[in-house]
Each structure stands twice: as structure tokens, then as C-alpha cells.
Amino acid sequence: MQENIQTQQAVPSAPSGQRPVIIRTKGLKKIYQMGQVQTHALRGIDVELYRSEFISILGPSGSGKSTFFNMIGGLDSPSSGRVFIDEVDVAQLNAVELAFLRCRKIGYIFQTYNLVQYMTCLENVTVPMAFAGVPTDEARDRGMRLLDLVGLKERWFHKPIEMSGGQQQRTAIARSMANNPAILLCDEPTGNLDLKTGAEIHSILKRLNKEQGVTVICATHDHRLINISDRILWIRDGTIDRIANRSEITVQTGSIGGHENE
Amino acid sequence: MKTIEVKNQVRLPLGKCVELVLNGVRFRLFRSAITVVIIALAVAFLMTMLTESMVSLEVGKALKARTGPRDSLLFWSSRLTSPMNEQELTGIMAQAKAGDDRWREFQAWGALDDRGVASLAENSAAAMTYLNDFFSQITEGQRRPLVGRASGAAIFTTLGEPDRLATFRTEFAKLGKQMPTSLGEFEKFLTEWKSLSAARHKILKANADSVNMARAVLNDAQPVAFLASGKEDLPAKLARCGFVIDGRQAGIISVQARQSLDNEKIESLLKIPLVQAKLADRTKVKIASINLGTLLGEISGSSGAEWLAKLTATSEYYKAADQLKMPAFNLTDLAIPVPPAGQDQAAQEKFKKDAQAFVAANAERVRQVARGRLKDNKLAEIEASVLVSGESKGFMGFSPRTLWLIVVSFIVCVVGITNAMLMSVTERFREIATMKCLGATDGFIMVNFILESCMQGIAGGMIGSALGFILGMLRSWVSCGAMAWEQMPGAVLLAAMGCAIVTGVLLSALAAVYPAYVAARLAPMEAMRIE
Ligand SMILES: Nc1ncnc2c1ncn2[C@@H]1O[C@H](COP(=O)(O)OP(=O)(O)OP(=O)(O)O)[C@@H](O)[C@H]1O
Ligand SMILES: [Mg+2]
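Residues numbered from 1 in each chain as written. Chains lettered and ligands numbered in written order. Predicted model: local features only at pLDDT ≥ 70, side-chain atom pairs only at ≥ 80, totals over all residues. Heavy atoms only, no water.

Draft legend 1. Local environment of empty space enclosed by the protein. Counted according to the given criterion, the structure contains three cavities of 30 Å³ or more. One number sums up the size of the largest cavity: a volume of about 70 Å³. Lining the largest cavity are Tyr118(A), Leu20(B), Arg428(B), Glu431(B), Ile432(B), Met435(B), Phe444(B), Ile445(B), Asn448(B) and Phe449(B). Elements that contribute at least two residues to the lining of the largest cavity include exactly α20 (429-437) and α21 (442-480) of chain B. When residues in the lining of the largest cavity are grouped by element, the largest group, four residues, is from α21(B). Each residue belonging to the lining of the largest cavity can be placed in one class, and the counts come to seven nonpolar, one polar and two charged. The space that makes up the second largest cavity amounts to roughly 60 Å³. Lining the second largest cavity we find 13 residues, and of these Arg102(A), Cys103(A), Ile106(A), Gly107(A) and Ser176(A) sit closest to its centre. When residues of the lining of the second largest cavity are traced back to their parent elements, those giving at least two are α3 (95-104), β6 (106-109) and α6 (165-176) of chain A. Of the residues that constitute the lining of the second largest cavity, the class distribution is seven nonpolar, three polar and three charged. (1 Å grid on protein atoms, 1.4 Å probe; cavity = no way out; pocket = protein on both sides within 12 Å on 5 of 7 lines; lining within 4 Å. Points joined across faces, edges and corners; volume = space filled by probe spheres on them. Helix = DSSP H or I, 4+ residues; strand = E, 2+ residues; numbered from the N terminus. Nonpolar A, V, L, I, M, F, W, Y, C, P; charged D, E, K, R; others polar.)

Dropping the structure here:
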């Protein structure tokens, strides 16, 4: 944790225009209609996320974090507004192109791990490769390398049911990296884990971000993640409350939630 | 730096799909087993019906071959005593094949060449088609306006009159029904029928003459007794009256006629109170409940047969039979030994021996006749059951009722599978959504579910068709006895099994379409949802 914070400080803050934008949203709105009741989950979000940065999204429960994720991950379509991933308008893609996008360009990490119960650890990791048409042998080798990366090489034959939550989430991280995505979308990746295991997951994510240049976008309630993020984005009631660079908020974090950091 | 460039997602090869599905099926073995059982039941029902219907068809054919001699005997006994009418002639003529016995009879009776008989046969076949497929299919009320009171072959003669034909034309147009052929074709047939009328009547006349001659030869004897009188000279005897029969057929008929006479003799035994009393004594059955079955059952065994032969050789029996004016009991072609007139010791000895041999031979024949008769009874029973099951043959030999039951079983099956699959889809919402997040296309999800169902269909189809085959054979066995196994049409049933399996697969694929569609339409963001 300590070293993470130190490496963190080495990364310069990224002013707009200097680094290439990977995700851009324009007037993103989402309204859920349930019978007579309308829920405004997102009320117009304009944001630019840069390539290879580590972004945390914070906000109270029900503020629209997951909804925002679904939009930028190409999992759901907005009521109005646009999402550009690398300047490609997601709304313009057909179903098959969307599948391609999800398969190779974006990795998803869920709070509930979402491993396929009847597959072994290794099989789970190689599923996206099968969808991408990677030959079986190559998929197995790459899968083992990824499992090695998350420290689960010895457990490749275990079924999810035989693994701890942290191990399952690490498998899920390996799976999300299967096709070398440019973006990792993590919706509360440590929500179901204890502090220590959560920290392990954080460090793996940070390592992927640093070593492989993957853009990591994390929705979380865990304030420790702030320490390893490049930028932090607060969402409140479907709007962006605030965006800040890591360096700008150190003091505040210390004063608001200092006890959470260590 | 990674750049994003969006292309079409690759399509997964079928092998990979199958592998993934099998993986999943193994995991959800219990639910899969339920689906398999549903399919197996529906397929088993179909297969049972198929097996039964096909076996009964085969048994029916075989029965026809076995009861052929009996039918021939009936045919010949009646044709020796009563002349044919036009209707019967038409029916027989329609069946005549070039060069067979009937064909040659018609040639002789009508003084016709092959061409002449051929045109008669062709015309008669057409007549039978019109009768069976049209005139018998409409009601009496519908027929009246068309042809008046005429029925059978007489219809065609009636329509030979121009004014009746004109009425027929107008009434037929009003009826709005279909003929087996066009009306023009029918009228052409009517002209032909009229032109052949002379030939037909010549044949009928010659037939009547032959019957008169035969009656003279029979001289009040039963025709069966006449037909039983030896196969060697039977064709010659009949030929003298003008009938044609080949040696082989004559042999079959004379054997059958002798059996029939033997049967009559054994049946007549029961008229004698002495035999009844002794039989009741022997079988411990009340006299009142003694019937032919009791007698046949008893004497089909060798000890019973011997008992009867001995009984019918006693003076007690002779006295009783004599009172009823019944001849001594001997089966056909067994000669009763005659007692010697004088006191010659050697002749007496020979008579004693002959009498013993006669009793032994009678016993053996009695046993055979009884067995044959029991077998015939069984055949008649099977025939009845086959006829009943073969009644109102519709599509593929199924009665409409059976067809309806099969359709209902299919619907129930499809609904059952759809329900099971829908439950499976609901349970796997998160898994499906996750798969979609990982790059599965809608098509893959769809194929995945349909493949899964098809595999269950194959398993269920195989189990079901095997089960259905066994059940169907058992049911056929109950109704047709050993004949079911003897006549089992192996190749046809194998093909039916194939069809049943394919049906199972198609049903399950059909049933999976909706659940698969639901699964394919599932939004990938469902994966994010937390219960
Ligand atoms: N499928 C849906 N149908 C209707 N309303 C929805 C749906 N999904 C989310 N919402 C509503 O949209 C709003 C935002 O929900 P969202 O899940 O994005 O919150 P969140 O920030 O992820 O919360 P949490 O931190 O608890 O996960 C909530 O008010 C929620 O009730
Ligand atoms: Mg959420």
C-alpha cells in the first residue's frame, strides 16, 4: 500500500488535451421507466477519461455509478446523449460489433465475480478467448500466464465453488484481461471482500494499469482506492459532483476519511 | 498504446459450442434429466403406437396368408352351389391376373381371347374403384337422385340409359363432390361397360350352367365333402363342370376341406350325452358348462386324445351314437376295420390288431385336429383384434383418435420442455449476461440453448424410442401372441425408431426456440445486478 502511494505520486496529473481521450460522454442521460415512476439515474454527464489512467468513481449508493458503467461499457444504451469509446460512437455499433467491443476492448470486473460455476478457473479465463477465436492451445498458454500474473497458477483446475472470494475475483481479473483490453471496468471490485483481500485486488489492478497501460475505471465505496487513483470522480444524484486529480485531494481525504486510508 | 478498432465478432465453430454446452449440461444434470424424461415419454408414446400399428399391419398380412386356405374353401364351397351375380363377377374379374385360374375360366366361359378378358378385367377394376371410392362413400340420400334405386354394379347398367345419364350429370353437378376420375373419364367407362355387357352375360350364363352341372355331381352331398375327396382327381372333376383349378390350389383346398370335416365330426361328438358325461367326469367340469373349448382343450393332449379314441371304440358309445343316428366316429381317410364274419382265429386276431391300430391312429388324428382347431381359434381372435385396431386406418395407419393423442402428447411435451428451459434460462440470467459481457453474440446464446435442447432431444429420443419399441412389442404380443415376434418388421421398425428420434430432436428444438430467444435478448447489464 505504501509503495503504491509512492509510485502514485510519480505519475503526473493529466491536464485535458495533453493525453489522448479514450472515453468521452456527451450529455449522457438515463431514465428508468417503471410503470408510472420515472427514475433519473443519470441527468446529463459530460466527461473525458484518458488513456492509461486509473480513475475511481465515488458516490453514495443509488447515485448512478453502475448506470454510468453500463453506458460507457456498451452494456446498455442511454436515454439520450452519447458515448464515444476511442472516438467510436457506441450507439452506431450493431449487436455483433458491440459483442466484438466487449470481447476485446473492454474487460469487466463485477462485484459478484460472475464466474461460470461449472468451469474450472482456467476455463473461465479462456472463455473470452474462445469468443475471440483464439486457438485452444494458445488460449490455454495465455490463460496460464494470466493466472500466474494474479497468483493463481497453482489453482487453475479449481472450480469457483472451491475458491475464496479474493481468489475468485483474481480469476475474474485474469478473465477480464484475456483479450488484452484497453479498458478495465470494475464495478465495486472489492465490495464483497475483506480489507486485506481488497488491498490485494487493488494492487493487482494498479499493476495492470502501470505495466500494461490499461485504463482502469473503478466504481467503489472504498476510500483506499483514492490513494492509487490518478483521478477521482464524484457522482451525486446522477450528475458529476466533482472531478479531481489525486494530488489535489490528498489533504481533504486526510481530513475527511483519514482513518480509512491506513 | 492500444487503439480501438471495431470489427465484427467472430463466429464460434460448432465444435466449441458443443463443448461448452456439454460442460453446462453435465453441471445441470438433474434438470437436464427431467427434460430428457419428458422427451423420452412423448417419443415412447409415439414409438409404441408406431410399433403396434406396424406389427399389426404385418400380422394382418401374415394372417391373410394363414387364413387363405380357409377362405379358399369357403369360396369354392359357395361357387359350386350358387352362381355368381353381376356384382360378384365384377369383383372377381377386377382381381383376375393374366393366366390365373379365374382368367382361364372367363376365357372358356366367354369364349374370349386374352385381349377380351384383359379389357373386361380392366373395366371391372375401374368399376370397383368407382363403387368403392365414390358410390359407397356417399349416403343413400345422396345416391338416390344420382342413380335411383340401383346399387352395386347395377348402377353402371342403369347409367347406360341416355336419359338416366343426363339426370346423373345435372344431379352430380349439384352434389359438388369429387369422382376418382373426371366426369368425362367416367362416361367413357360407362360406354365401355355397356359394350362389354354381352360378354359379361355370356360368362354369367356359362357360370350358371357350370353350377348346375356341379349340383348334379354333388347329388345333395355337402360341397365340402366333395372337395375333400382327394386332391389328385379334384381338378379333373371340377374341369368336367367347367371350373378351372390348378393342382396346388386343389391340394390346399382338399386338405382344408378334410380338416373342416374332421372339425365337424369332433364337434358333433358333443351332441352325445354319453360323451358329455364322460368328459365332465374327466375334466371335473359341470355338464352344463361343457363346451367345444373344454373338449378341444382336453383332447389336444395325447392322453386326452387316447381317452377319446378309446371311448369312441366302446360298444357303449356305438349304442349312444346309434340312438342319435350318428355314424361311427372316425376321422376322414381312416377306414374303420370291419369285424370278420366267420370264426376264423387268424381273422379275429387280425381284426383285433386293426382295431387297436385304428384307435391309435384316431387318437393321433384327434389330437392334431384339436390342436389345429385351437390354433385357428387363436388366429381368429388375433384377426378380430387386428381388424379392430386396423379399423378406420388414417394417417400412417393411426386412427384419428390415436393421432389426436399423439398430437396432444407432443404439445404437452413441447410445453413441458419450454417450461423447463425457461426456468433454466431464468436461473442462468447472470451467467448468460456475463457471457454477453465477455463477447458472446446473441446468435451464440441462441445456438447454445437450442443445441442444449437438441442434445437432450437426442438422449430422450433414443431412450424413448427404445422404451416405446419394447412397450409396443409387449402390447402387440398381448393382442397377437407369438405372431407379433414372428412378423416383427425389423427394418421398418428401425426406420420408425430413427423417425421417432428425429421427432424428439425436432420437438425439443422447437420447444427451445422461445427460451433461447428470451436468453439471447437478455441485456448484458443484468450481469451487474446484485440480488
Ligand atoms: N434496471 C433499473 N430499473 C429501474 N431503476 C434502476 C435500474 N437500475 C438502476 N436504477 C435506479 O437508478 C438509480 C441509480 O442506480 P445505480 O445502480 O446506478 O446506483 P449505484 O450508484 O451503482 O449504487 P450502489 O453504490 O448502491 O451500487 C437508482 O435510483 C436505481 O434505483
Ligand atoms: Mg452499483
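Draft legend 2. Focus on the packing of helix α4 (residues 101-110) of chain B against helix α5 (residues 114-135) of chain B. Residue and element names in this part refer to chain B. One way to put it is that α4 packs onto α5 with a least axis distance of 10 Å and a crossing angle of 115°. By the angle class used here, α4 and α5 are roughly perpendicular. Seen along the crossing, α4 lies across α5 with a hand that is right-handed. Each of Trp103, Phe106 and Gln107 in α4 lies in contact with α5, whose residues at this interface are Asp114, Val117, Ala118 and Ala121. Tallied by class, residues from the contact of α4 with α5 come to five nonpolar, one polar and one charged. (Axes fitted to C-alpha atoms, helices over the stretch in contact; angles between N-to-C directions. Parallel < 35°, antiparallel > 145°, perpendicular 65-115°, else oblique. Left-handed = near helix turned anticlockwise from the far one by under 90°. Contact = heavy atoms within 4.5 Å.)

Draft legend 3. Main features of the side chain of Asn124(A). Residue and element names in this part refer to chain A. With respect to the helices and strands, the residue Asn124 is situated in helix α4 (residues 121-131). Here Met119 takes part through its backbone oxygen, which lies 3.3 Å from a polar atom of the side chain of Asn124. Non-local contacts of Asn124, meaning those with residues more than four positions away in its chain, are made with Leu115, Val116, Met119, Pro160, Thr171 and Arg175. (Polar contact = N/O pair within 3.5 Å; in protein donor to acceptor, adjacent residues only side chain to side chain.)

Draft legend 4. Seen up close, the packing of aromatic side chains. Residues and elements named next belong to chain B. Inspection of every chain in the model, using the stated rule, returns 21 aromatic pairs over all chains. Relative to Phe189, the ring of Phe156 lies with its centre 5.0 Å away and its plane at 90°, an arrangement referred to as edge-to-face. Of this pair, Phe156 sits in helix α7 (residues 154-158) while Phe189 sits in helix α9 (residues 183-195), placing them 33 residues apart in sequence. Residue classification places Phe156 among the buried positions, given a relative accessible area of 0%. With relative accessibility at 5%, the residue Phe189 sits in the buried group. On the basis of an interplanar angle of 40° and a centroid distance of 5.5 Å, the ring pair of Phe168 and Phe186 is categorised as tilted. (Phe/Tyr/Trp six-rings, centres within 6.5 Å; stacked < 30°, edge-to-face > 60°. Buried < 20%, exposed > 50% of the residue type's maximum accessible area, 1.4 Å probe, protein only.)

Draft legend 5. Region of interest: α4(B). Residues and elements named next belong to chain B. Burial analysis of α4 places seven of its 10 residues in the buried class, which makes it a mostly covered element. When we look at burial in α4, the residues that qualify are Asp101, Arg102, Trp103, Glu105, Phe106, Trp109 and Gly110. Looking at the buried residues of α4, the elements they touch are α2 (29-81), α3 (86-95), α5 and α10 (197-218). Remark: Ala111 follows α4 within two positions and exhibits a positive phi of approximately 50°.

Draft legend 6. Representation of the interface of chain A and chain B. At the junction of the two partners, chain A supplies 46 residues and chain B supplies 34 residues. Counting each side, the surface lost to burial between chain A and chain B is near 3600 Å², with a carbon and sulfur contribution of 68%. Of all residues in chain A, the largest losses of buried area upon contact with chain B belong to Phe100(A), Tyr118(A) and Phe131(A), amounting jointly to 23% of the total for that side. Seen at the junction of chain A and chain B, the total is zero salt bridges. Elements supplying a minimum of two residues to the side of chain A that touches chain B: β1 (21-34), α3, α4 and β7 (183-187) of chain A. At eight residues, α3(A) tops the list of elements feeding residues into the side of chain A that touches chain B. Looking at the side of chain A that touches chain B residue by residue, the class counts come to 25 nonpolar, 11 polar and 10 charged. (Buried area = accessible area lost by both parts, 1.4 Å probe. Salt bridge = Lys/Arg side-chain N within 4 Å of Asp/Glu carboxyl O.)

Draft legend 7. A look at the layout of surface pockets. Residues and elements named next belong to chain A. In this structure, the largest pocket encloses a volume near 610 Å³. Lining the largest pocket we find 24 residues, and of these Tyr32, Gly62, Ser66, Thr67 and Asn70 sit closest to its centre. Elements represented by at least two residues in the lining of the largest pocket include exactly β2 (37-50) and α2 (65-72). Of the residues that constitute the lining of the largest pocket, the class distribution is seven nonpolar, 12 polar and five charged.

Note that all results are geometric; they support no functional claim without further evidence.
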